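Residue-level listing of the chains:
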Amino acid sequence: MNEQQRKEMSQIIPGDAADRKSGQDKPLKEKTSDDFAKYFETTYEPPNINKARKRGRDKINVHYDFGIPEDIANIGEGKKFLIRTYGCQMNEHDTEVMAGILTEMGYESTADKNEADIILLNTCAIRENAENKVFGEIGHLKPLKLEKPDLILGVCGCMSQEESVVNRIMQKHQHVDLIFGTHNIHRLPQLIKESMFSKAKVVEVWSKEGDIIENLPKVRHGKIKAWVNIMYGCDKFCTYCIVPMTRGKERSRKPDDIIQEVRHLAAQGYKEVTLLGQNVNAYGKDFEDVAYGLGDLMDDIRKIDIPRVRFTTSHPRDFDERLIEVLAKGDNLLDHIHLPVQSGSSEILRKMNRKYTRESYLELVAKIREAMPNTTLTTDIIVGFPNETEEQFEETMSLVEEVGFEAAYTFIYSPRDGTPAARKKDDVPEEVKKQRLYRLNDLVNKQSAESMKTYEDAVVKVLVEGESKNNPDVLAGYTERNKLVNFKGSKSSIGQIVEVKITEAKTWSLNGIMVENTVEVN
Ligand code: SAM
Ligand code: SF4
């Protein structure tokens, strides 16, 4: 389906709305989107997880003609917006795009919800507790909406791609005005207009990904570090994960568009870019006309005059030799690789559909270490996957030690509706899962503290991001290997890369003193 067809389809007016009585007395769990369609006279296109799961061969087009229609160009003048962001960097970056669109429409940003004319909750669906937080926030905003009926309260991001979430909002949170999906962000101007002028809720969630829309405006958070999407979606279908359904199929941006964006950021004075994708190692696999992968892209970006380049997230399966060879060249490519392993047990990895084993992961780590002996490795780990045995958990613990991860994001498995793992019976009690998480965290903390100790008395290069959150007299920034450093130094160094002598190592951060000369950058 192309962009034009989608736009036309989103103007659905259910002709038989009044006749749709079925489902009126069903419990919420049994209600489908059809049961809610009767309330709509304007846009109502709810998500469908089965459609979202399908992978078609439709060609993905790239559009360079994004613009705000004249009749809504200044609709936001004198008004303010607030976006609350939950979840990963991808969401943070989507928020920057939405802020860009709203700013072009004349809105100004505010941090005070009482001042806002639009509040958007950009949500995360990865775990149940992330979703609970959002539902809590929707509840907290109800009195404000009652007080200010013209306030537009919107829910977007990954949760809005889930049918059960949309149905729950329809049923229990009548004060939400607007729901739109991750593939509908570029339609924000039209959706806001619709929301302003129609009395009904507006729901537009495309279940299948759309085309790639370039040149969307962005208001970036800060002037030092920037995110750059290199691809969208995920085709890996790990059995626990909702992302392939909320973010659609893998679509890579064209190399020239990415390179131009990074060059532009460098010219604006940004010091660091992080290349973003759910699975950046699959970059380029969807190109039909050229063989150009992440290694090639990194090799081209390496030549751009920007001091630091990071990338996230890597999937071990697609981490190829070409990428290792390019990363080993160094320069602005940093000595830190985040390589989620999820489990140390080959049997659990098979059940997770990760398509690698403990052994092949360790082989990959050995190759990386051989090419880049100084690299810091960090990871993501899930404990308590359905029916994980004590032995299998111990395999995770031993792998963490063997690799020597210096940090890890650790999670208790959270069943997600619509994923294969959620349909499995699980014999591991919640208390056992919690105990495993504590044990794993103890080990990760110990390894982090040990790695930090090795920096005592060393001089490291720190990109200074600003004042420390806890103490305005202290500056904070990150080393090339992604260690947080708090140090005493001159405020004029904010935005610069400076040398800091480490005086004290803590578990998750380093303390130090700035060495007088700032580092010459590139
Ligand atoms: N694409 C990345 C990869 O493959 O490693 C990760 C993206 S996901 C947003 C971030 C992390 O959330 C995953 O690495 C995984 O550890 C965790 N995660 C995903 N689904 C989960 C679930 N159902 N329960 C607990 N943790 C989950
Ligand atoms: Fe989720 Fe797996 Fe895709 Fe990562 S690679 S986003 S964990 S399905």
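Rules and cut-offs
- Each chain has its residues counted from 1, following the order in which its sequence is written.
- Working convention: letters from A go to chains and numbers from 1 go to ligands, in the order in which they are written.
- Local features in a predicted model are, by the rule used here, given only for residues with pLDDT of at least 70; side-chain atom pairs are given and counted only at 80 or more, and totals for whole chains, interfaces and linings are based on all residues.
- Think of the side-chain values as coming from all heavy atoms in the structure, minus any hydrogens and water.
- By convention in these notes, a residue is near a molecule or strand provided one of its non-hydrogen atoms lies within 4 Å of it.
- Any pair of N or O atoms that falls within 3.5 Å is considered a polar contact. Within protein, one atom must be able to donate a hydrogen and the other to accept it, and sequence-neighbouring residues count only if both atoms are side-chain atoms.
- In DSSP terms, a helix is any run of H or I states spanning at least four residues, a strand is any run of E spanning at least two, and both are numbered starting from the N terminus.
- Polar here means any residue outside two lists: the nonpolar Ala, Val, Leu, Ile, Met, Phe, Trp, Tyr, Cys and Pro, and the charged Asp, Glu, Lys and Arg; Gly therefore counts as polar.
- DSSP calls a pair of strands paired once it identifies at least 2 bridges connecting them.
- Helices are assigned an expected span. That span is 1.5 Å times one less than the residue count.
- Type-normalised accessible area, obtained with a 1.4 Å probe on protein chains alone, sets the label of each residue: buried when under 20%, exposed when over 50%, and partly exposed for intermediate values.
- Arc definition: it is the arc formed by the directions from the helix axis to the C-beta atoms.
- Residue types Ala, Val, Leu, Ile, Met, Phe, Trp, Tyr and Cys, when buried and joined through side-chain atoms within 4.5 Å, form a set referred to as a nonpolar core.
- Every axis corresponds to a line fitted to the C-alpha atoms, with the helix fit spanning only the stretch in contact, and the corresponding angles, defined between N-to-C directions, vary from 0 to 180 degrees.
- Contacts: residue pairs with any heavy atoms within 4.5 Å of one another.

**A closer look at the site of ligand 1**
Next up, step 1: For ligand 1, the set of nearby residues contains 15 residues, the closest of which are Tyr240, Gln278, Gln342, Asp380 and Ser414.
Next up, step 2: Note that a nitrogen atom of ligand 1 is positioned 2.8 Å from one of the backbone N or O atoms of Ser414.
Next up, step 3: Contributing elements (two or more residues each) for the shell around ligand 1: strand 16 (376-383) and strand 17 (407-412).
Next up, step 4: Of the residues that constitute the shell around ligand 1, the class distribution is 7 nonpolar, 4 polar and 4 charged.

**Looking at the sheet that holds strand 4 (residues 108-109)**
Next up, step 1: Strand order in the open sheet made by the 7 strands is 1-8-7-6-5-3-4, with parallel pairing throughout. The strands lining the two open edges of the sheet, one partner per strand, are strand 1 (44-45) and strand 4.
Next up, step 2: With 5 bridges connecting them, strand 3 (residues 80-85) and strand 5 (residues 118-123) associate as parallel partners. Note on strand 5: the bridge partner recorded for Arg84 is Leu121.

**A word on the environment of Glu431**
Next up, step 1: Among the structural elements, Glu431 can be located in helix 16 (residues 430-453).
Next up, step 2: Residues Glu431 and Asn511 lie 80 residues apart in sequence; the distance between their C-alpha atoms is 36 Å.

**Focus on helix 14 (residues 358-371)**
Next up, step 1: Over its 14 residues, helix 14 runs 20 Å from end to end, which matches the ideal 20 Å to within 8%, given 1.5 Å per residue.
Next up, step 2: Here helix 14 has its buried residues at Arg358, Tyr361, Leu362, Leu364, Val365 and Ile368. For helix 14, the angular spread of the buried residues around the axis is 155°, confining them to a single face. Away from the buried face of helix 14 by more than 90 degrees, exposed residues Glu363 and Glu370 are located.

**Description of the nonpolar core**
Next up, step 1: Counting residues in hydrophobic clusters, the biggest one holds 67 residues, and the most contacted among them are Leu275, Leu297, Met298 and Phe319.
Next up, step 2: Counting residues in each nonpolar core, the second largest holds 28 residues, with Tyr86, Val165, Val166 and Ile169 among its members.

**Some remarks on the pairing of strand 5**
Next up, step 1: Among the 6 residues in strand 5, 6 count as buried, and that is most of the element.
Next up, step 2: Side chains Ile118, Leu120 and Asn122 of strand 5 all project onto a buried face; the interleaved residues Ile119, Leu121 and Thr123 project onto the opposite face, where all are buried too.
Next up, step 3: Sheet topology note: the strand 5/strand 6 (residues 152-157) ladder contains 6 bridges and is parallel. Bridging from a neighbouring strand, Leu120 pairs with Gly154 of strand 6.

**Remarks on the site of ligand 2**
Next up, step 1: Surrounding ligand 2, one finds Cys234, Lys236, Phe237, Cys238, Tyr240, Cys241, Val243, Pro244, Gln278, His315 and Arg354.
Next up, step 2: Across the shell around ligand 2, the residue classes break down as 7 nonpolar, 2 polar and 2 charged.

**Brief notes about the environment of Pro149**
Next up, step 1: Counting through the fold element by element, Pro149 comes out in the loop between helix 6 (142-147) and strand 6.
Next up, step 2: When the C-alpha atoms of Pro149 and His175 are compared, they prove to be 9.0 Å apart, with 26 residues separating the residues in sequence.

**Brief notes about the sheet that holds strand 13 (residues 272-276)**
Next up, step 1: Within the open sheet, the 3 strands sit side by side as 10-13-14. Their pairing is parallel. Looking at strand neighbours, the two that pair on one side only are strand 10 (225-229) and strand 14 (308-312), the edges of this open sheet. The sheet shows a mean angle of 25° between the axes of neighbouring strands, direction not considered.
Next up, step 2: Sheet topology places strand 10 next to strand 13; 5 bridges connect them, and they run parallel. Within the sheet, the bridge partner assigned to Ala226 lies in strand 13 and is Val273.
Next up, step 3: In this fold helix 10 (residues 255-267) packs onto strand 10 and strand 13, with an angle of close to 170° to the strand it touches most, strand 10.

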